[in-house]
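Next come the chains, spelled out residue by residue.
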Amino acid sequence: MTKNLLVELGLEELPAYVVTPSEKQLGQKMAAFLKDNRLSFDSIKTFSTPRRLAVRVMGLADKQEDLSEDFKGPSKKIALDADGNFTKAAQGFVRGKGLTTDDIEFRQVKGEEYVYVTKQEAGQPAEAVLAGVPEVLNSLTFPVSMHWASNSFEYIRPVHTLTVLLDDQALNMDFLDIHSGRVSRGHRFLGQETQIGTADSYEDDLRKEFVIADSQERQGMIVEQIKAVEAEQNVSVDIAPDLLNEVLNLVEYPTAFMGHFDEKYLEVPEEVLVTSMKNHQRYFVVRDKSGKLLPNFVSVRNGNEHYLENVIKGNEKVLVARLEDGEFFWHEDQKLKIADLVAKLSHVTFHEKIGSLSEHMARTSLIADYLAKTVGLSADESKALARAASIYKFDLLTGMVGEFDELQGIMGEKYALLAGEAPAVATAIREHYLPDSAEGDLPETKVGAVLALADKFDTLLSFFSVGLIPSGSNDPYALRRATQGIVRILDAFDWAVPLDQLVDNLYDLTFESLTYAHKEEVMDFIAARVDKMMGAGVPKDIRQAVLAGSNFLVPQMLAAAEALQVASQADNYKPAVESLARVFNLAEKAPADMTVNSDLFENDQEKALAQAVANLSLGDDIKENLDQLFGLSPVIDAFFDNTMVMSDDEALKNNRLALLSALAQKAKTVAAFNQLNTK
């Protein structure tokens, strides 16, 4: 017989960004708890609102599965003494399992007898197992925690209620300072405390108190209501997924409505209006059917339709205050001069251990100049890059960016254009921040991409140089994101710039403000980002083999990882890799600077391999390179079948090792094949 289990934890309002992850975490940890405790179930459904996390387990068994487990002990010759009595070793073994020597039996294992005992354990009733539910709740992890009242413990937010129901039976247990029952809290303003009747009546019981506990249902209501506004007003509402998730986790009973603002604010750049509405007020942006921004917004109230007109007026009033700020700064900032703002950057700290923003920009300018030559920018592009690099942080001192820091770079582009800067310069100022997230948009112009690379390189090298190196998950200066941006940009623009050589050359640059240090740690850090870019779907041995190759060219490395992953599914992969791995392993023994002497060849197979190595022409097409290398497998195997590499004749041995080394050096531009696993 099975039952349904409900566990609900009622809390003070959670930060919106933790609600969805916490809901998923609760479901996963509850499933793991039940499996670990041999308590079977059919399915799990999770619930969440800003003031609760809950899970319902369907088809929960009424008792644990019985346990029968065999344990292997010492061999018979160790378990018995000369008189046939059990030794201390045997006695200690069974005692550790909670059994006695009467439970011992001997079993044959590979021709020798060993002690075995079988431990039987009857399954406990579900109620006894579920006493561990508080452990599940306590195991949830959060980005922040807090103390409250005089308690010594901490949690994401103060806990008010704990409901644990097995069908209609309320189970008794304690979590933190709360004793369980069947009481849950309704909507903060529209509802009241309510009794949850059964595990199955949970949603309906809360719905009566204006709480939609199912986050998917609540999200569906929000989207449906916004779509109704669109149809009624003949407009298009931008339902951004990130904003939708945030709004979802701010309300328990959603009611969408549309508000209005004065059309005069449409003269302010659209980005300012969208930032004010979306980022600051959590409003959805409204456009006409052609995509033009309209003087409207859609918001979602945490409540019903009562007094909605007052709510609309209140939201309009709050938004207008933000728009007034934007309009003011838009006009005031245009009175400023870029040169004056750039001069003031010498008084703005980049980091107290590193120096000012002016010093950071100066280093970035030198790096940008070097990169421009390295990637082959044209004269016009190099000129635009030099100008952009000399001013690109100026907008940080504008009133608009001071008020709306999300607009840094975006306003820099607009103010630069108004000041008469070339479009390429203005675009680069905006694009140097890209990508601004792990999967964010990349620069589209070469000038912007090079400036982004230069800025990110100096950021990375500067912080490492003063010892501010990320450890574990701690990365307060977002250096992993900056480095991943470097890797992504190099790949997107297919710039075959050897990163090891590039970093070496950057460390050779001299600055008045800072001397770069910790180069080895920087290279390891970059390699880790390349490893991540290859993707978790690529086997670890392939990623390691590519990273151990001789080329640190990001586009080629990513292509090599992909090509090897595809090739690993083919029948010829194992023999081809094993042939090349044998080459690599022996090549490591080759004397340095040894050249191949064809006069020392003793058989046709040596000559054939030497000719194949000479003909091996590896270019930019990684798949073609891999096909060529795998095609050498018969030639390599024939060489090894007919040639004693480690000959007693030193000259012959070294010549053969040199030949293998020549092949390994070419193949290593793709990967270190002896790092690949073929078992």
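Residues numbered from 1 in each chain as written. Predicted model: local features only at pLDDT ≥ 70, side-chain atom pairs only at ≥ 80, totals over all residues. Heavy atoms only, no water.

Looking at an unreviewed UniProt entry, the chain carries the name Glycine--tRNA ligase beta subunit, with the source organism given as Streptococcus downei MFe28. Listed under Subunit (unreviewed entry) in UniProt, the entry text for the chain is "Tetramer of two alpha and two beta subunits." Here is the UniProt Sequence similarities (unreviewed entry) comment for the chain, exactly as written: "Belongs to the class-II aminoacyl-tRNA synthetase family." (UniProt positions renumbered as here; feature names shortened; annotations may be inferred.)

Caption draft 1: Here's a closer look at the overall build of the chain. Of the regular secondary structure elements, the chain holds 27 helices and 18 strands. Against the compact-globule benchmark of 26 Å for 679 residues, the chain has a radius of gyration of 34 Å, which places it well outside the compact range. With the C-alpha coordinates aligned to their principal axes, the bounding extent of the chain is approximately 100 × 95 × 45 Å. When burial is assessed residue by residue, the chain has 49% of its 679 residues classed as buried. Here the analysis covers contacts within the chain between residues at least 6 apart in sequence; of these, 68% occur between residues at least 24 apart. Total accessible area on the chain stands at roughly 32400 Å², and carbon and sulfur atoms take up 47% of it. (Helix = DSSP H or I, 4+ residues; strand = E, 2+ residues; numbered from the N terminus. Rg over C-alpha atoms; globule rule 2.2 N^0.38 Å. Buried < 20%, exposed > 50% of the residue type's maximum accessible area, 1.4 Å probe, protein only. Contact = heavy atoms within 4.5 Å. Areas by Shrake-Rupley, 256 points an atom, 1.4 Å probe, with all protein chains shown as cover.)

Caption draft 2: Fine view of the side chain of N603. With respect to the helices and strands, the residue N603 is situated in the loop between α23 (573-587) and α24 (604-615). Beyond its immediate sequence surroundings of up to four residues, N603 is in contact with N642 and T643.

Caption draft 3: Seen up close, the sheet that holds strand β6 (residues 112-121). Taken together, the three strands give an open sheet; going across it, the order is β4-β6-β5, and neighbouring strands pair in antiparallel fashion. Each edge of the sheet is formed by a strand with only one pairing partner; in this case those strands are β4 (67-75) and β5 (105-109). Adjacent strand axes in the sheet meet at a mean angle of 40° when their direction is disregarded. Here β5 pairs with β6 via five bridges, running antiparallel. Looking at the pairing, R107 lines up with Y114 of β6. Sheet strands in contact with helix α3 (residues 88-96) are β4 and β6, and its direction is about 160° off that of β4. (Pairing = 2+ DSSP bridges. Axes fitted to C-alpha atoms, helices over the stretch in contact; angles between N-to-C directions.)

Caption draft 4: Focus on the packing of helix α7 (residues 215-233) against helix α8 (residues 241-248). In the contact formed by α7 and α8, the axes pass within 10 Å of each other and the chain directions differ by 115°. As for the relative orientation of α7 and α8, their crossing is right-handed in sense. Contact residues: S215, R218, Q219, I222 and V223 in α7; L244, V247 and L248 in α8. Here the contact of α7 with α8 is built from residues that sort into five nonpolar, two polar and one charged. (Left-handed = near helix turned anticlockwise from the far one by under 90°. Nonpolar A, V, L, I, M, F, W, Y, C, P; charged D, E, K, R; others polar.)

Caption draft 5: Structural context of helix α9 (residues 270-280). Every buried residue belonging to α9 is among V272, L273, T275, S276 and M277, and all of these are buried. Turning to α9, the residues buried within the fold contact β15 (284-287), β16 (293-302), α10 (308-333), α14 (399-403) and α15 (410-418). Directly beyond the C-terminal end of α9, a positive phi value near 60° is found at R282.

Caption draft 6: A look at the pairing of β16. Within β16, eight of the 10 residues are buried, leaving the element largely enclosed by the surrounding structure. Sheet analysis places β15 next to β16, joined by three bridges and oriented antiparallel. Bridging across to β16, R287 finds its partner in L293. Connecting the antiparallel pair β15 and β16 is a turn made up of five residues, with G291 showing a positive phi of about 100°.

Caption draft 7: View of the domain arrangement of the chain. Here the chain is partitioned into domain 1 (2-64 + 125-208), domain 2 (67-121), domain 3 (215-334), domain 4 (340-533) and domain 5 (543-675). Here domain 3 and domain 5 have C-alpha centroids that lie 62 Å from each other. (Domains from an automatic or database assignment.)

Caption draft 8: Inspection of the pattern of salt bridges at higher detail. Across all of its chains, the model carries 35 salt bridges by this definition. Residue E13 pairs with R188 through a salt bridge whose shortest N-O separation is 2.7 Å. Taken as a pair, E13 in the loop between β1 (2-11) and α1 (16-36) and R188 in the loop between β11 (183-185) and β12 (193-195) lie far apart in primary sequence, 175 residues in all. Classification of E13 as partly exposed rests on a relative accessible area of 33%. Relative accessible area serves as the criterion here: at 37%, R188 is assigned to the partly exposed category. Salt-bridge contacts for E246 lead to R282; the nearest nitrogen and oxygen are separated by 2.7 Å. In this pair, E246 is assigned in helix α8 and R282 in the loop between α9 and β15, connecting sequence segments 36 residues apart. (Salt bridge = Lys/Arg side-chain N within 4 Å of Asp/Glu carboxyl O.)

Caption draft 9: How the structure looks around the sheet that holds strand β7 (residues 159-166). Spatially, the five strands line up as an open sheet ordered β2-β3-β1-β7-β8, and their pairing is antiparallel. The open sheet has two edge strands with one neighbour each: β2 (43-49) and β8 (169-170). In the sheet, β1 pairs with strand β3 (residues 52-61) via eight bridges, with the strands oriented antiparallel. Across the sheet, V7 pairs through a bridge with V55, a residue of β3. Across the sheet, α1 lies against β1, β2 and β3, angled at about 30° from β3, the strand it touches most.

Caption draft 10: Highlighting a negative patch on the surface. A surface patch of like charges, here negative, comprises D494, D620, D621 and E624. Its place among the elements puts D621 in the loop between α24 and α25 (622-631). Using a relative accessible area of 47% as the deciding quantity, one classes D621 as partly exposed. (Patch = residues over 30% accessible without salt bridge, like charges linked within 9 Å, V, L, I, M, F, W, Y side chains within 5 Å. Lys, Arg positive; Asp, Glu negative; His and termini not counted. Charge placed at Lys NZ, Arg CZ, Asp CG, Glu CD.)

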